[in-house]
Amino acid sequence: MTEHPHDITRGFKDVFSRLASGVCVVSFWRGESVHGFTATSVTSVSLAPLRVLFCLSRGSDSHAWLRPGLPVGISVLHAEQQILSERFARRVGEGEGYGDVPLSPAIRHAPVLEGAIGQIAASVAQIIPSGDHSIVLCDVTDAQASSDGEPLLYCKRNYHRLHHSL
């Protein structure tokens, strides 16, 4: 890893903190239990094949579980789901988990969260190490959007909501 002067690293973080992002939860089965993490780095990549990507710290608990072929769910969070974002952003302690988080029955290929305004089922296609993170490319197997609700946004290290209806 290349070392940068503190002021450049801080400036880099500050610049990207100002990039407003929708908040997603990426989830997958870890044995019989749902596991996952909060992500603001979810991006569409391709229409042929249907492909998305997300970035994940190589030091995260979730990284060790990801492998090609693993089914993953990507839930675009509703403005009222901030508590879920905060919960999936923390490390899971011993005896803790997400067993009480309701999953949507609409998409069965991967665990997606009930009430999310967008839900994608995908399969991990490729994991590309890049510095202290990995770029995870996934092939989409199912997708649906809700016509109700507004997205949860993250900008300047805080959660936000739209001030008007789309």
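The text that follows walks through the structure, step by step, so that each part is easy to find.

Calculation criteria
Residues numbered from 1 in each chain as written. Predicted model: local features only at pLDDT ≥ 70, side-chain atom pairs only at ≥ 80, totals over all residues. Heavy atoms only, no water. Helix = DSSP H or I, 4+ residues; strand = E, 2+ residues; numbered from the N terminus. Buried < 20%, exposed > 50% of the residue type's maximum accessible area, 1.4 Å probe, protein only. Polar contact = N/O pair within 3.5 Å; in protein donor to acceptor, adjacent residues only side chain to side chain. Pairing = 2+ DSSP bridges. Axes fitted to C-alpha atoms, helices over the stretch in contact; angles between N-to-C directions. Contact = heavy atoms within 4.5 Å. 1 Å grid on protein atoms, 1.4 Å probe; cavity = no way out; pocket = protein on both sides within 12 Å on 5 of 7 lines; lining within 4 Å. Points joined across faces, edges and corners; volume = space filled by probe spheres on them. Nonpolar A, V, L, I, M, F, W, Y, C, P; charged D, E, K, R; others polar.

**Digging into the side chain of Ser17**
Point 1. Residue placement: Ser17 occurs in helix H1 (residues 6-17).
Point 2. Its relative accessible area of 10% is what places Ser17 among the buried residues.
Point 3. Polar contacts involving the side chain of Ser17 include one to the side chain of Arg18, which spans 3.0 Å.

**Description of the sheet that holds strand S10 (residues 158-160)**
Point 1. Spatially, S1-S9-S10 is the arrangement adopted by the three strands of the open sheet, whose pairing is antiparallel. At either end of the open sheet lies a strand with only one pairing partner, and these are strand S1 (21-22) and S10.
Point 2. One ladder, built from three bridges, connects strand S9 (residues 153-155) with S10; its direction is antiparallel. Within the sheet, the bridge partner assigned to Tyr154 lies in S10 and is Tyr159.

**Thoughts on the sheet that holds strand S3 (residues 33-39)**
Point 1. Pairing in this open sheet of seven strands is antiparallel, and the strands run S3-S2-S6-S7-S8-S5-S4 from one edge to the other. Two strands in the sheet have a free side with no partner beyond their single neighbour: S3 and strand S4 (43-47). Going across the sheet, the axis of each strand differs from the next one's by a mean of 35°, ignoring polarity.
Point 2. Strand direction decides the pairing type here: strand S5 (residues 50-57) and strand S8 (residues 133-145), joined by seven bridges, are antiparallel. The partner of Val52 across the bridge, within S8, is Cys138.
Point 3. Sheet strands touched by helix H2 (residues 82-89): strand S2 (24-30) and S3. Its angle to S3, the strand with the most contacts, is close to 100°.

**Comments concerning the layout of surface pockets**
Point 1. Its boundaries defined by the atoms lining it, the largest pocket holds a volume of some 1600 Å³.
Point 2. Lining the largest pocket are 41 residues, and of these Thr40, Ser41, Cys55, Ser57 and His133 lie nearest its centre.
Point 3. Top contributing element to the lining of the largest pocket by residue count: H1, with six residues.
Point 4. When grouped by side-chain class, the residues that make up the lining of the largest pocket number 16 nonpolar, 17 polar and eight charged.

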